[in-house]
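# Working through the structure, step by step
Okay, here's what each chain looks like letter by letter:
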Amino acid sequence: MSAALESRSRYPSREHVVPTLCHGCSYGGYNCGILAHVRDGVMTRVEGNPEHPLNRGRLCAKGLAATQWVYNPQRLTQPLMRRGARGSGRFEAISWDEALQMITKKISETREVFGPEYILLCKGQAAGWFGLHHLLMLRFLHALGSPNFTSWGPYVCYGPQLFYHRLTVGGPTYTRPDYDNADLILEWFTGGGQGGAARGGVETLDTNLRSVPKKILDRLEKGAKLIVINPQLIPLAANGRAHRWLPIRPGTDAALALAMIHVILQRGMYDRDFVSEWCAGFDELAAHVRSCTPEWAEALTGIPASEIASLAVEYATTPRAAIRVSEAPQKAGLQAFATAVPMLVALTGHLDRPGGNVWFRPAARLGFDVLPERVSKEARERVLGGESFYVRSHGKAFAHFPDVVQALIEARPYRPRVMLIYGSNPVSTGRPPGRVAEALSRLEFLVQFDVTLNPTAWFADLVLPAATRYECADQPCLWDNHLALSRQVVPPHGNCRDELDVTLDLACRLGMGSDFWDGDRDAMLHDFLKPSGVALDTLRETGKEGLFLPPRPDASRRERYAAFFKGLPGGRVQLWNKQLAEAGFDPMPTYRGEPEDLLNTPELQRTYPLLFTDEHSDPLSHHSWMRDVPWLRELRPDPCVKVHPDTAATCGLSPGDWVEVTSPRSRMKARVEVFEGVRRDTVLGQHGWWQGCSHLGLAEQLPFEGGVNPNVLYDADHRDPITANTTKNTLVHLKKCQKPGSAHPGKSMETSARKG
C-alpha cells in the first residue's frame, strides 16, 4: 500500500489532529513537538504540542509556517532530467522509474569500471543529521564499497570544533552547559538560540551547537548571571538580561581565551587538585600564555584589559559556571580557540561538574550497523582527504568536502564521477561558491534530492522531489530519554517521495536488498529502535506525549574523568597536546589571527576599514532553506547587513538602503539594517540567501559574485592547517548601490563557476 493510501486509511476524511515533529531545525531528527490539524486530507494549521519536553507547546516562526512549507507553490513535484548544458536551467519531467533506472545504471557502471570510491554521497541537514537518514545513507554508500560520504555543513561548523574539543578534554562528544544548575552562563559568539527560539533543550542528544533561550531565561529568573561575548547584542541579552556584554572584534576570540587563561594562572585561581591529578602540560601552558596579557588581548579584541581580567576572575571564582561557544566558529586559526576554551573549562574545575560543562548521556543511541567493513582496505585508503591528520584521526570514515572539491577540479588524487546529494545546497552554503559550482560541473553524473530547485540543482543531471517531513511515514527520534515519533500528517504532494523510501528502493535495484531489509521500511525501523528496547508498534500507539525511557544508571553521576579521559594520552587533559605534536602540529593554542585582520593585514585597513562576519543563526530560515515561505519572508523580505548608526552615517547610508559590500576578493549586496547593538567597526551579514518568493513577487538572486551571498567575500585558501576549516571573517568597505536585478541561475551561474 502506498504511503498516500496508508495515510488516507489511517486518517478518515474528517478533522483530526496528528502529533508529529517540526521540520524547522533538523539535526538528528528530534525536533519540537507539533500538533498538526488536518481536514479532508489537507494540513490546515499547526500548534505546539504541550506534552513535548523540548518545546512544551511553544513554536517559533518556522514551525508556525509549516502549512506554507508543505503547500509552497515553488516545491518540486516530479523528477526532472537535465536537457540543456549544466547551469542552463533546462529540465524535462520523467517518471520515478526512469530516474531510478538511470541512477542504478550509472552507479553500477561506475563501480564496475572505475571502483566504488568514484561514487560520492553528500548528506545535508534537511531531513535529519546524525539520525535515521544519515545512518541509512551511510549504510547505502558503504554497501556499495565507497568511503566517500561527505557534506559541507557539519565539517565546517560542528565537526572541526568537536575534533579539537575531544583532542583536549576527551569524551565521546561535546561537554554541554548544565544550564539547569549554572550560576554564571557565558554565551560566546552564539546566536542565543534565535535560530530555534522555542526549543527547551539542545539541537540533538549530544551537541551544544545552538543555545536555548528558555532554559537560560528560566535560570536567570533564579538568580544566575549571563555574560555575552559577541560583536552584537543578541536578543537574549537585551533588556538588561545580560550581566555583561563584551563586544569582541570578530575572529579574535582565541586571544580573549588565552588572556583569560593568563590571568587565571597568574593569580593562582585554577583548580590545583584537578590540574595535579588530571592534566598534562600545565608548565608548558603557563609558559606559553605568559605573554598573553589582557593588555595584549585588548589591542586585538577591542575589549579593555580590565574587562578581560574581571571576566577571567568571575568565571574562575564562580563555583557553577558554564560556557557555550559559537555554533559557527569558522576561523582560519580555529585550533587556538577550539582548544583554549575547553582548557579554560578544565583549569577552573568546571568540567563535568554540576552547573559547569557536562557530558550528558542519552538513555540509548538509536541506530543500526552502517556496514563499514564493506569498504575494502584499498578503497578506505583512497578516501578523499585521507592523508590529513583530521580525517586519519577519525579512521578515514568520511571524505573531507574541501578535498572533494579539489579532487573534482584538479583530478587529484582522482576525479570522482558520480555524486548523490540529499538535502544539501553547497553551491549556496559552501566557500567559495563559484569553486564549488565548478567542482560539481566536473561530475559525470550528479543527482540532487530536495524540496525545491536550488542553485546546486542547476548543475544536476537529475533532480528528485523530496517529501517534506509531514508527508513522510514514521520516523523514530530520541533526545535524552524521550522517544518520539515523527508521523505522516498528509500524503506526499504530487510525485514527491520520502528520501528513506527512495534509498531503500535504490539499494534493492542495485542487488543489495538483503542488506536493506528487502526494502521493508518497518523492518528497518525495528532495527533502528532495537537499542531503545521499544517495539515499533508500541511507539506508534503512543499519543502526543511519546515515551520516556529509563535514564542510564550513571546519568546523574559527574566527575567521570577516568572513563572520559581514557582516549587521551596518559588519560589526562591535554594542556600541551601530545597527539598534535606527534603529528607535526603546534601542540599549544597559538593566536595567529585571520587572513585579513588588524594583525596580519594592517595595510588593507585604508581601503577596507570595516570587519565583516556573518551571524549564522536566523530565526526565519534554516541555512539556505525556507526563504521562499511567504509568512517567513514577509518578516524579512531582503538580505541585510547590520551596521552601527555611526558607521552608516560615515558611509552615507540610511536604513533600508541597498549597499554593496566589497572585500579584497569579491562583492555582494544587501539592505542596510541600522542597529546600535553592534560594534562600530563591524558589519554583520547573514548567509544562505538566494531564494526568491513567488507569492511576494521577490526574484531569485545569485549566490555568486555581485549577488547576495556573503560566502563570496571570504578567503577560502588560507585555512586552519589541521581541519581545513575556512574563515568567515574578512575586511570590507561599504558603498550605496542599486537593488540587485533578478538572477536566472542559468548562464550567469555557469560563468561564475568558470571564474571559480
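Predicted model only: the values in this text are computed from it and were never measured.

### Quick word on the sheet that holds strand β13 (residues 321-325)
Pairing is parallel in the open sheet, where four strands are placed in the order β11-β10-β9-β13. Lying at the two open borders of the sheet, with one neighbouring strand each, are β11 (244-246) and β13. Neighbour-to-neighbour, the strand axes of this sheet turn through a mean angle of 15°, independent of strand direction. The sheet contact formed by strand β9 (residues 184-188) and β13 spans five bridges and is parallel. Counterpart to tryptophan 188 in the pairing with β13 is valine 325.

### Focus on the confidence of the model for the protein chain
On average, residues of the protein chain carry a pLDDT of 90, and 92% of them reach 70 or more. Below a pLDDT of 50 lies the segment residues 201-211, which in the model reaches 54 contacts outside its immediate sequence neighbourhood of four places, other chains included. In the predicted structure, residues 746-756 sits below a pLDDT of 50 and forms 23 contacts with residues beyond four places in sequence or in another chain.

### Concerning the side chain of aspartate 597
Within the fold, aspartate 597 resides in the loop between α23 (578-582) and β22 (610-614). It turns out aspartate 597 is buried and unbridged, and the closest side chain with the opposite charge, arginine 249, is 9.6 Å from it. Reaching out from aspartate 597, the side chain makes a polar contact with the backbone nitrogen of asparagine 600 at a distance of 2.7 Å. Discounting residues that sit within four places of it in the chain, aspartate 597 has contacts with Tyr591, Pro602 and Leu731.

### A few points about helix α16 (residues 401-410)
The element α16 is largely enclosed, with a buried count of seven among its 10 residues. Among the residues making up α16, those that are buried are Phe401, Pro402, Val404, Val405, Ala407, Leu408 and Ile409. Where α16 is buried, its residues meet β6 (119-123), β7 (149-150), α17 (426-429) and α18 (433-441). In the segment just after α16, alanine 411 is the residue with positive phi, at about 60°.

### Comments concerning the nonpolar core
Most often, soluble globular proteins have nonpolar side chains that are buried together. Within the largest apolar cluster, 82 residues are counted, with the highest numbers of intra-cluster contacts made by Met43, Ile103, Ile107, Phe140, Tyr470 and Phe516. Counting residues per element, this core draws most heavily on helix α5 (residues 132-144), which supplies nine residues. Contacts of isoleucine 107, omitting those with residues within four sequence positions, involve Ile119, Phe140, Leu144, Val418, Leu420 and Leu510. By size, the runner-up hydrophobic cluster in this structure holds 61 residues, among which are Ile248, Ala254, Cys292 and Ala309.

### Some details on α5
The terminal C-alpha atoms of α5 lie 19 Å apart, and with 13 residues this matches the ideal 18 Å at 1.5 Å per residue to within 8%. Burial analysis of α5 places 13 of its 13 residues in the buried class, which makes it a mostly covered element. Just past α5, the residue glycine 145 takes up positive phi, approximately 100°.

### Looking at the packing of helix α8 (residues 253-266) against helix α13 (residues 334-347)
With their axes 9 Å apart at the nearest point, α8 and α13 run at an angle of 30° to one another. It follows from the interaxial angle that α8 and α13 lie roughly parallel. Note on packing geometry: the crossing formed by α8 with α13 is left-handed. Mapping the contact onto sequence places Asp253, Ala254, Ala257, Leu258, Met260, Ile261, Ile264 and Leu265 in α8 and Ala336, Phe337, Ala340, Met343, Leu344 and Leu347 in α13. Here the residues of the contact of α8 with α13 sort into 13 nonpolar, no polar and one charged.

Procedures and definitions
Residues numbered from 1 in each chain as written. Predicted model: local features only at pLDDT ≥ 70, side-chain atom pairs only at ≥ 80, totals over all residues. Heavy atoms only, no water. Pairing = 2+ DSSP bridges. Helix = DSSP H or I, 4+ residues; strand = E, 2+ residues; numbered from the N terminus. Axes fitted to C-alpha atoms, helices over the stretch in contact; angles between N-to-C directions. pLDDT = per-residue confidence, 0-100. Contact = heavy atoms within 4.5 Å. Buried < 20%, exposed > 50% of the residue type's maximum accessible area, 1.4 Å probe, protein only. Lys, Arg positive; Asp, Glu negative; His and termini not counted. Salt bridge = Lys/Arg side-chain N within 4 Å of Asp/Glu carboxyl O. Polar contact = N/O pair within 3.5 Å; in protein donor to acceptor, adjacent residues only side chain to side chain. Core = buried A, V, L, I, M, F, W, Y, C linked by side-chain atoms within 4.5 Å. Expected span 1.5 Å × (residues − 1). Parallel < 35°, antiparallel > 145°, perpendicular 65-115°, else oblique. Left-handed = near helix turned anticlockwise from the far one by under 90°. Nonpolar A, V, L, I, M, F, W, Y, C, P; charged D, E, K, R; others polar.

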